[in-house]
Structure formats: C-alpha cells, structure tokens
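Commentary on secondary and tertiary structure
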Amino acid sequence: MSQVHNVIIIGGGPAGLTAAIYAARANVGPVIIEGYAAGGQLMITTEVENYPGFPEGIQGPELMQMFRGQAERFGAKLITADVTRVDLSSRPFGVWTDADELRAHSLIISTGASARWLGLDSETRLRGFGVSSCATCDGFFFRDRELVVVGGGDTAMEEALFLARIASKVTVVHRRDEFRASRIMADRVLGHPKIAVRWNAEVQQVIGDGVVDGVEVRDAVTGAVEVIPAAAVFVAIGHDPNTELFVDELDLDPSGYILTDGTRTSVEGVFACGDVQDTVYRQAITAAASGCMAAIDSERWLEAALHQASTSGQHA
Amino acid sequence: MADVLEITADNFQAVVLESERPVLVDFWAEWCGPCRIIAPVVEQIASERADSLVVGKLDVDKHGPIAARYGVQGIPFLGLFEHGKLTRQAVGAMPKAQLEKQLGLAS
C-alpha cells in the first residue's frame, strides 16, 4: 500500500485552504486535493467587500491566492487533480484521482457548491449560446441587448445590476411575488430604471434555435404563458452542494448537503466544512471558520485514534 | 513543454486556419473567473499533447470580431479547429476529462 497520510483535504476553496493552514501549522502534514475548480466560488466573483481585514475590498481570486500561499508556506502539499472516487468504509480511507490512489487516516471534505441550473433541455442545448450562469463573464457579448435574469436571491440581484450597465433592458424573472435577496440589493434592483421584474413567473423553456431568442414563462397565478424576448438568459437560482462522490458513503440531507455535528460527519474520522455542509450562511468567512474547526477536530481525533492504536499495539 | 500560443487578429489565419495539426483555441478574457479556472487545464492539455495539437488562447476583449465570427457568446469557449474549420467546442469551466471528452480528444 502507498504511504498513509494523516489527513487529506478534498476541495481548495476558503474552507479547505483554511483547514490546510491549520493542519499544516499543527504538523499534521495535510495533503489538499484542489480539484479543477481550485479556489472555489471566489474564483468567479470579482470584488469581495465583506471579508474582514480588507477595508477597501479585494478581488476573489487574489484572496484565494493569498490563502493558498499561506497554506503552502506551512508545508501543506497541494495536488491539482479531480477526485473520482472515495472509499470511506475501509481504514485507512481511500481517495482516487485520475492518476493516483491515496490513503489517509482522516478526511476533511470541503468540496463546496456549484451554481444550480433550471434543468431544462432547452437550457442545456443553449448553454454558452445565450444561456449562462456568469454575468461578469458573458454579459460582454450582449451589449445593448435585452436580457433576462432568473432568480430572486442576492446573486440574481448582483447579476441584474451588473447586466443593467451593459444591456438595453434587463428583466428579472422570479417565481415568487417577493425577493429573498437582502433588502439593500432588492431595493437597488427595484429602483433601477433599466430593470423590470416579472413576478410569479416560472420558466418553461428557453426559446431559440442556435442562439437564445427569449424565455417562455408561465404565470403561477393566472396560468398565462408568454415569451419574454431576450438575447441571453442568466440563471441565478441558487447552488447545489458538490456531494456526488459521497452519496453512498455519508449521511446527506434531502438537498444533498453533508449532515454534520460540528464538523463531524456520519463516518468517524471524516469531517466536513464550508458550503458542502452549510445550508444557512454560505459566506467566505464562515467557510474559512468551519475549515479551521474541521482541522482542529480532525487533529484531535487523529491524536486520540493514533494514541489508542499505539497503546493497543503494546498490549498485543 | 509546449507553450500556449498567444493568438491575435494578426496571426489567427496562419496559426489557426492554416495549421496542418488541429488547433485548440481558448477564447478568454481577463475579467472572466471561470477562464482562470480552465487556464491550467488548457496548459496541461498543451503539454501532454504537444506532438499532436497546437494550443492557443485568444483574448475576446482585444479580438472581439474573431469571437463574434464563431458565435462565441460565453467564455471560456474552447474551440477545436481542424483544417481551418471549427469542428468541436466546449463552453464553461469543467474538469479536464470532461473537456477532453467534449472536444473529442482521444485519451
């Protein structure tokens, strides 16, 4: 068998990198498998205005670069690969990437969450051709056009406000009759001269052959169906936890989030932190904080487990 | 290790359209987060397939008309050009295996 590590951290966003910093400073010798989306959701944000310590704000990718540098400085080993399979039923635990098989006494899972899609065939077909989940990436291609944003949370508000600077008109399509976004963001959208809101509207399909022509919506109250013309539709309806790897291995809640007690999961020695287990806060700062907690919990667990193994070894 | 070439309006014809080998073009922009995520994946493909594939990146901010010509409306847009024609494409950040599959690159 290959070398057995003390702890492997899966996922390289704020939670995983913070766990790596703490575990490295505790001389646990963490290995962190970053995945292709290393840096996590902050890599696709621009300005982060609410991370303490940066009164002028900081770019998301820059912040992640700093986290990473700090983890490396204390000797965390970073592997850029995608985990393809885990085995949490044997000890030590098994973690597979395309190229490698790794073993560890303890695992910290920080695989985060990904933007959710509507789940329509027409949406999949037109993704990249007017269907997008990233206004800052793709808004550029739709200058002075009419656009639709789907969603009612803070992300949807941010996308709409960003796009309103570029587009001739933005329509926010929301399936309820009020936003769940924070008041400050909702007010900015409602007061914007270029943004209209279509309440109680469920997206039935995205219309268009090679490119998006519009969005077909059904009014949840009247049942009326109409097409809102749009050159692009930006989907911002929330996030899903990245837990496909753990479906048969760990207890998850009905939405797929890892169930935790503190940072402990249903398997002893496996800890989870960050958005993959957070159904409430989902902030960079809370992800980082729970990463710290997971590192401390795993370190204590390792100490106890290894101590037990060495004493029982003496008796044998 | 093969470099990822800088593709511009000036060299697009020669480097991409007139290439004997297939060319993978990463349409990207500075302000695009997922483009930064996919960039190391593209670099890895470039070094692994240095013998069979030319790999380049094109800044859509500077060379918008080329992006528009190929209907690029979302980035990162990874386009595979064979004998001067766009034959396969993948849009958005994704793991390497998935990208290679979408581009039809045999492993």
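Residues numbered from 1 in each chain as written. Chains lettered and ligands numbered in written order. Predicted model: local features only at pLDDT ≥ 70, side-chain atom pairs only at ≥ 80, totals over all residues. Heavy atoms only, no water.

1. Thoughts on unusual backbone geometry
Just so we agree on the cut-off: What counts as a helix is a DSSP run of H or I of at least four residues, what counts as a strand is a run of E of at least two, and both are numbered from the N terminus. For the exposure calls, accessible area comes from a 1.4 Å probe over protein chains only, and a residue counts as buried if that area is under 20% of its type's maximum, exposed if over 50%, partly exposed in between.
For the peptide bond that leads from A:Arg91 to A:Pro92, omega is -10 degrees, which places it in the cis range. Counting through the fold element by element, A:Pro92 comes out in the loop between β6 (83-87) and β7 (93-97). Residues B:Ile75 and B:Pro76 are joined by a peptide bond in cis, for which omega reads 0 degrees. Checked against the element boundaries, B:Pro76 lands in the loop between α3 (64-69) and β4 (77-82). In the Ramachandran plot, A:Asn200 falls in the positive-phi region, its phi being about 50 degrees despite a non-glycine side chain. Mapped onto the elements, A:Asn200 comes out in the loop between β13 (195-198) and β14 (201-207). Even without being glycine, B:His83 reaches a positive phi, approximately 50 degrees. Along the polypeptide, B:His83 turns up in the loop between β4 and β5 (85-91). Taking relative accessible area as the criterion, B:His83 reaches 68% and is therefore assigned exposed.

2. Points about the pattern of salt bridges
Keep this limit in mind: Every case where a carboxyl oxygen of Asp or Glu lies within 4 Å of a side-chain nitrogen of Lys or Arg is listed as a salt bridge.
Scanning all chains against the criterion turns up 11 salt bridges over all chains. As a salt-bridge pair, A:Glu34 and A:Arg68 come within 2.6 Å of each other at their nearest N and O atoms. Of the two residues, A:Glu34 is situated in the loop between β2 (31-33) and β3 (47-48) and A:Arg68 in helix α2 (residues 60-73); the sequence distance between them amounts to 34 residues. Taking the relative accessible area as the measure of exposure, A:Glu34 reaches 5% and is therefore buried. For B:Lys62, the salt bridge is made with B:Asp59, and the minimal N-O distance between the two is 3.9 Å.

3. Some remarks on the sheet that holds strand β3 (residues 54-59) of chain B
All names here are of chain B. Selection rule: Any two strands with at least two DSSP bridges between them are considered paired. Helix axes are fitted only over the stretch in contact, all axes being lines through C-alpha atoms; the angle between N-to-C directions runs from 0 to 180 degrees. Contacts are assigned to residue pairs that have any heavy atoms within 4.5 Å of one another.
Strand order in this open sheet of five strands is β1-β3-β2-β4-β5, and the pairing throughout is mixed. The strands lining the two open edges of the sheet, one partner per strand, are β1 (5-7) and β5. In this sheet, adjacent strand axes meet at a mean angle of 30 degrees when their direction is disregarded. In this structure, β4 lies alongside β5, joined through six bridges in antiparallel fashion. Paired with Gly79 across the bridge in β5 is Gln89. The sheet strands contacting helix α2 (residues 33-48) are β2 (23-28), β3 and β4, and the helix crosses β2 at an angle near 165 degrees.

4. As for the packing of helix α5 (residues 154-164) of chain A against helix α6 (residues 183-190) of chain A
Residue and element names in this part refer to chain A. Cut-off, in case you're wondering: By the definition used in this description, the sense in which the near helix is turned from the far one sets the handedness, with an anticlockwise turn below a right angle giving left-handed and a clockwise turn giving right-handed. Only Asp, Glu, Lys and Arg are considered charged in this grouping, and only Ala, Val, Leu, Ile, Met, Phe, Trp, Tyr, Cys and Pro are considered nonpolar; every other residue, Gly among them, is considered polar.
Remark: α5 packs on α6, axes separated minimally by 9 Å, with the N-to-C direction vectors making an angle of 35 degrees. For the element pair α5 and α6, the recorded crossing hand is left-handed. Where α5 approaches α6, its residues Asp154, Met157, Glu158, Ala160 and Leu161 are matched on the opposing element by Met185, Ala186, Arg188 and Val189. Of the residues that constitute the contact of α5 with α6, the class distribution is six nonpolar, no polar and three charged.

5. A closer look at the sheet that holds strand β11 (residues 146-150) of chain A
Residues and elements named next belong to chain A. Judged by pairing direction, the sheet is parallel, and its five strands sit side by side in the order β10-β17-β11-β12-β13 without closing on themselves. Each edge of the open sheet is held by one strand with a lone partner, namely β10 (131-132) and β13. Inspection of the sheet shows β11 paired to strand β12 (residues 169-173) by five bridges, in the parallel sense. Each bridged residue has a counterpart across the sheet, and for Glu146 the counterpart in β12 is Lys169.

6. Considering the state of the cysteines
To keep things clear, this is the line we draw: Criterion for a disulfide: a pair of cysteine sulfur atoms within 2.5 Å.
Enumeration according to the criterion identifies two disulfides over all chains in this entry. In this model A:Cys134 forms its disulfide with A:Cys137; the gap between the sulfur atoms is 2.2 Å. One disulfide, between A:Cys134 and A:Cys137, carries an S-S torsion of 65 degrees and so falls in the right-handed class. For A:Cys134, a relative accessible area of 10% puts it in the buried group. We classify A:Cys137 as buried; its relative accessible area is 0%. Linked covalently through their sulfurs, B:Cys32 and B:Cys35 form a disulfide whose S-S length is 2.2 Å. Taking the sign of the torsion about the S-S bond as the criterion, the disulfide between B:Cys32 and B:Cys35, at about 85 degrees, is right-handed. This pair shows no difference in class: B:Cys32 is buried, exactly as B:Cys35 is.

7. Observations regarding the interface of chain A and chain B
The test is simple: Accessible-area loss on putting two parts together, using a 1.4 Å probe and summing over both, is the definition of buried area adopted here. We define a polar contact as two N or O atoms separated by no more than 3.5 Å, with the added condition that, inside protein, one atom must be a possible hydrogen donor and the other a possible acceptor, whereas residues neighbouring each other in sequence contribute only through side-chain atom pairs.
At the junction of the two partners, chain A supplies 20 residues and chain B supplies 21 residues. Carbon and sulfur atoms make up 67% of the area that chain A and chain B hide from each other, which totals about 1700 Å². Taken as a group, A:Tyr36, A:Phe129 and A:Phe141 account for 35% of the area that chain A buries against chain B, more than any other trio of residues on that side. Linking chain A to chain B there are zero salt bridges. On inspection of chain A and its partner chain B, the count reaches two residue pairs in polar contact (both at pLDDT 80 or more). The leading source of residues in the side of chain A that touches chain B is helix α4 (residues 135-138) of chain A, at three residues. Looking at the side of chain A that touches chain B residue by residue, the classes come out as 12 nonpolar, four polar and four charged.

8. Regarding the domain arrangement of chain A
This is how the line gets drawn: Here the limits of each domain have been adopted from an automatic or database domain assignment.
Domain boundaries in chain A define domain 1 (4-115 + 239-315) and domain 2 (121-235). On a C-alpha basis, the centres of domain 1 of chain A and domain 2 of chain A stand 34 Å from each other.

9. Examining the pairing of β7(A)
All names here are of chain A. The buried fraction of β7 is high, at five of five residues. Side chains of β7 alternate between two faces, with Phe93, Val95 and Thr97 and Gly94 and Trp96 buried alike. Judged from the four bridges that link them, β6 and β7 form a sheet pairing that is antiparallel. From the neighbouring strand, Val83 faces β7, where its bridge partner is Thr97. A loop of five residues connects β6 with β7, the two strands running antiparallel in sequence.

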